[in-house]
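What follows is the residue order along each chain.
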Amino acid sequence: MSTITQNIPAGTWSADAVHSQVGFEVAYMVGTFRGTFSPFEATLDVAADGTASLRGSTRVEGVKVQDESLTAHLQSPDFFDAERAPELTFASKRVEIAEDGRVTVDGEISIKGETRPVELAGTIGDAGTDPWGNERVGLTLSGTLDRTAFGLDWNNPLPSGEPALANDVTLTAELSLVQAQA
């Protein structure tokens, strides 16, 4: 937990799944391979003293990419191994929000039975009321991890001998968080 220096009211803020997205991107051959997870849960808890924590989870079976065959491959033991490790989780150790809206979140992510530290960085906006009377705040985060540290080791060499898939994966989260009603 850490201190919030931005004006975000105390309470529990949960991701609105319709207006939020959690995903990943990784260099693949000559471009970038992208995917998302849906459904997922993400919650920002802000205490009255200004400390905050962030947590989230998703089911591996919720990975979405542009090709069903690739989705099946990502769920296989070559990658996430959905049968043996069905869930991905994140829990913050420290959340720091600067007055200008810059955010740093240090936490732990668990993938395929391995838990490792990860740092996420991004921005958060001021809280505001939506047309239906709900308090909302937007949080955008990203961070990079080495997929091989989690046992996601699959690769395929290119004719040049270089690997087709990079080890560094960028995690992304675009969250529209809604404050729970008291």
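Higher on the page you've got the structure.
Throughout what follows, the structure given in this document is the object of discussion. Residue positions are counted from 1 within each chain, in the order its sequence is given. Under the rules for a predicted model, residues below a pLDDT of 70 receive no local features and side-chain atom pairs below 80 are neither given nor counted, while totals for whole chains, interfaces and linings still include all residues. As a rule here, side-chain values cover all heavy atoms of the structure and leave hydrogens and water aside.

## Notes on unusual backbone geometry
To keep it simple, the criterion reads: Working definition: helices are DSSP H or I runs of at least four residues, strands are E runs of at least two. Numbering for both runs from the N terminus.
Note the cis peptide between serine 38 and proline 39, where omega equals 0°. Structurally, proline 39 is set in the loop between β4 (31-37) and β5 (40-46). For methionine 29, which is not glycine, the phi dihedral falls at a positive 50°. Looking at where methionine 29 falls in the secondary structure, it is placed in the loop between β3 (21-28) and β4. The backbone of aspartate 81 sits at a positive phi, close to 55°, despite the residue not being glycine. Residue position: aspartate 81 is located in the loop between α1 (68-75) and β8 (87-97).

## Section: the pairing of strand β12 (residues 135-146)
As a reminder of what qualifies: Two strands qualify as a pair provided that DSSP identifies no fewer than 2 bridges between them.
Sheet topology note: the strand β10 (residues 114-124)/β12 ladder contains four bridges and is antiparallel. The residue of β12 that forms the bridge with isoleucine 124 is leucine 139. As defined by bridge partners, strand β11 (residues 128-129) adjoins β12 across two bridges and the pair is classed as antiparallel. Bridge pairing in β12 places threonine 129 opposite glutamate 135.

## Points about the pattern of salt bridges
What counts here: Each reported salt bridge corresponds to a side-chain nitrogen of Lys or Arg within 4 Å of a carboxyl oxygen of Asp or Glu. Relative accessibility decides the category of a residue: with a 1.4 Å probe and only protein chains considered, values under 20% of the type maximum give buried, values over 50% give exposed, and everything between is partly exposed.
Inspection of the entire model under this criterion finds 10 salt bridges. When the shortest N-O distance is used, the salt bridge between aspartate 16 and arginine 136 registers 3.0 Å. In this pair, aspartate 16 sits in the loop between β2 (11-15) and β3 while arginine 136 sits in strand β12, placing the two residues 120 residues apart along the sequence. Between aspartate 130 and arginine 136 there is a salt bridge, with its nearest N and O atoms 2.7 Å apart. Pair check on accessibility: aspartate 130 and arginine 136 agree, each one buried. It is possible to trace a salt-bridge network through shared partners that takes in Asp16, Asp130 and Arg136.

## A few points about the nonpolar core
Rules: Think of a nonpolar core as a cluster: buried Ala, Val, Leu, Ile, Met, Phe, Trp, Tyr and Cys residues, connected wherever their side-chain atoms sit within 4.5 Å.
Core analysis: the biggest nonpolar cluster contains 42 residues, and Phe24 and Phe80 have the highest contact counts within it. Counting residues per element, this core draws most heavily on strand β13 (residues 165-179), which supplies six residues.

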